[in-house]
Amino acid sequence: MALKTNYEKWYETEDYFWGTEPAELCQELIKLVPPAKGVKVLDIGCGEGKDAVFMAKQGYDVYAFDITVNGIAKTRRMAKENNVEINAFIADINDFEIDEEFDIIYSTGTIQYLEDDRIDGFFRKVKDMTRPGGINWFNVFVDKPFIPLPPDWDEGEKMWPTGKLFSYYPDWKFERVDETIFECHSSGIPHVHCMDVLVARKYPKETITVEDLRK
Ligand SMILES: C[S@@+](CC[C@H](N)C(=O)[O-])C[C@H]1O[C@@H](n2cnc3c(N)ncnc32)[C@H](O)[C@@H]1O
């Protein structure tokens with residue numbers, strides 16, 4: 001079987017390729033949907049588990065998957081080292097099936113591995129799997145003709161057009177929509193990325209009133 005991502009070999013080492021510090025997005029998620037018993041989180045493309053483990057330590061009920069065997073083994077190891085439990089499993093973002101509902105579904109650095117004909121179905125699925133009041137948090141690298149392709153671009157990755165990510169959530173409340181150009185040092189060679197970030201909340205139909213806005 002062809003290796004779809006180079007991460008399998010990058011995760012072979014004993015130490016953590018991505019380190020053990022959680023991403024900033026975790027703090028944003030905590031503010032938007034505070035941890036409580038029964039609040040469920042799904043991390044899609046969890047890598048070696050640094051964000052999933054952090055979320056489990058906050059008290060969320062965490063599910064996390066990645067396509068790499070090594071990534072999931074390390075996610076389980078990191079969970080054990082931190083005395084937390086995580087439902088970590090190997091799956092492909094293109095065809096995963098989970099019979100659960102979540103309050104937070106997030107994915108960082110991974111939706112660019114969706115195959116073109118799977119993108120619409122993916123968003124239908126994650127939106128359906130989100131409980132009312134829940135959050136979806138996604139980021140994706142976007143194509144800008146003035147930015148060169150990064151030196152460590154993975155073979156299965158695809159740049160998205162600007163704004164495409166936002167177009168899947170016209171019926172949800174946008175908590176954050178932004179596009180940033182930044183410097184990155186992954187691979188040891190300084191380079192530039194442009195990234196779209198979407199944070200959206202699901203509301204049941206016709207439920208926000210003037211009174212809600214005045215709260
Ligand atoms: C940039 S890394 C981000 C990892 C993690 N979210 C983090 O921030 O530490 C991208 C991840 O996507 C995973 N990945 C690549 N293709 C995938 C696929 N088809 N399904 C699920 N995960 C995939 C890789 O194994 C890798 O762990």
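Residues numbered from 1 in each chain as written. Predicted model: local features only at pLDDT ≥ 70, side-chain atom pairs only at ≥ 80, totals over all residues. Heavy atoms only, no water.

1. What about the overall build of the chain?
- Broken down by element type, the chain carries six helices and seven strands.
- Computed over its C-alpha atoms, the radius of gyration of the chain comes to 17 Å, within 12% of the 17 Å expected for a compact globule of 215 residues.
- Dimensions of the chain along its principal axes, counting C-alpha atoms only, are 55 × 45 × 30 Å.
- Across the 215 residues of the chain, 48% fall into the buried class.
- A fraction of 73% describes how many contacts in the chain between residues 6 or more apart in sequence connect residues 24 or more apart.
- Summed over its atoms, the accessible surface of the chain is roughly 11,500 Å², and 53% of this surface lies on carbon and sulfur atoms.
- For the chain, the centre of its 26 positive side-chain charges and the centre of its 40 negative side-chain charges are spaced 5 Å apart. (Helix = DSSP H or I, 4+ residues; strand = E, 2+ residues; numbered from the N terminus. Rg over C-alpha atoms; globule rule 2.2 N^0.38 Å. Buried < 20%, exposed > 50% of the residue type's maximum accessible area, 1.4 Å probe, protein only. Contact = heavy atoms within 4.5 Å. Areas by Shrake-Rupley, 256 points an atom, 1.4 Å probe, with all protein chains shown as cover. Lys, Arg positive; Asp, Glu negative; His and termini not counted. Charge placed at Lys NZ, Arg CZ, Asp CG, Glu CD.)

2. Here's the deal with the pairing of strand 7 (residues 191-201)
- Among the 11 residues of strand 7, 10 are classified as buried, and the element is accordingly described as predominantly covered.
- By the bridge criterion, seven bridges tie strand 5 (residues 130-141) to strand 7 in an arrangement that is antiparallel. Its bridge partner being in strand 7, Asn 136 is matched across the sheet by Ala 200.
- Note that strand 6 (residues 173-184) and strand 7 share 11 bridges and pair antiparallel. If you follow Glu 179 over to strand 7, its bridge partner there is Asp 196. (Pairing = 2+ DSSP bridges.)

3. Observations concerning the environment of Ala 91
- Structurally, the position occupied by Ala 91 is in the loop between strand 3 (87-90) and strand 4 (102-107).
- Looking at Ala 91, the relative accessible area reads 15%, which means it is buried.
- For the pair Ala 91 and Phe 146, spaced 55 residues apart in the sequence, the C-alpha separation amounts to 35 Å.
- Those residues within four positions of Ala 91 in sequence are excluded, and the remaining contacts are Phe 65, Asp 66, Ile 67 and Phe 96.

4. Concerning the packing of aromatic side chains
- In total, this model carries 19 aromatic pairs according to the counting rule given.
- The ring of Phe 102 has Lys 40 lying over it, and the distance from NZ or CZ to the ring centre is 5.6 Å.
- The ring centre of Trp 160 lies 5.5 Å from the NZ or CZ of Lys 164, which sits over that ring. (Phe/Tyr/Trp six-rings, centres within 6.5 Å; stacked < 30°, edge-to-face > 60°. Lys NZ or Arg CZ within 6 Å of the ring centre and 35° of its normal.)

5. A few points about helix 4 (residues 69-81)
- The terminal C-alpha atoms of helix 4 lie 18 Å apart, and with 13 residues this matches the ideal 18 Å at 1.5 Å per residue to within 8%.
- The complete set of buried residues in helix 4 reads Gly 71, Ile 72, Lys 74, Thr 75, Met 78 and Ala 79. Along the long axis of helix 4, the arc covered by the buried residues comes to 160 degrees, so they all point the same way.
- Along its buried surface, helix 4 packs onto helix 1 (7-10), helix 3 (50-58), strand 2 (61-66) and strand 3.
- With a side-chain oxygen lying 3.2 Å from the backbone nitrogen of Gly 71, the N-terminal cap of helix 4 falls on Thr 68.
- Immediately downstream of helix 4, the backbone of Asn 83 shows phi near 55 degrees, a positive value. (Expected span 1.5 Å × (residues − 1). Arc of directions from axis to C-beta. Polar contact = N/O pair within 3.5 Å; in protein donor to acceptor, adjacent residues only side chain to side chain.)

6. Thoughts on helix 2 (residues 25-32)
- Along helix 2, the residues that are buried comprise Leu 25, Cys 26, Leu 29, Ile 30 and Leu 32. Buried residues of helix 2, viewed axially, fall in a sector of 165 degrees; they line one side.
- Lining the buried residues of helix 2 we find helix 3, strand 4, strand 5, strand 6 and strand 7.

7. Some points on unusual backbone geometry
- Of note, Asn 83 is a non-glycine position whose phi angle comes to about 55 degrees, a positive value.
- Tracing the backbone shows Asn 83 in the loop between helix 4 and strand 3.
- Even without being glycine, Glu 206 reaches a positive phi, approximately 50 degrees.
- Checked against the element boundaries, Glu 206 lands in the loop between strand 7 and helix 6 (210-214).

8. Regarding the site of the ligand
- Inspection of the region around the ligand gives 18 residues, with Tyr 11, Gly 45, Asp 66, Asp 92 and Ile 93 positioned closest.
- Take Gly 45: an N or O atom from its main chain is 2.7 Å from a nitrogen atom of the ligand.
- In the model, a nitrogen atom of the ligand is placed 3.4 Å from a nitrogen or oxygen of the Ile 67 main chain.
- Its free accessible area being 590 Å², the ligand has 94% of it covered by the protein chains.
- Broken down by class, the residue content of the shell around the ligand amounts to eight nonpolar, seven polar and three charged. (Near = heavy atom within 4 Å. Nonpolar A, V, L, I, M, F, W, Y, C, P; charged D, E, K, R; others polar.)

Bear in mind that shape data such as this cannot, by itself, settle questions of function.
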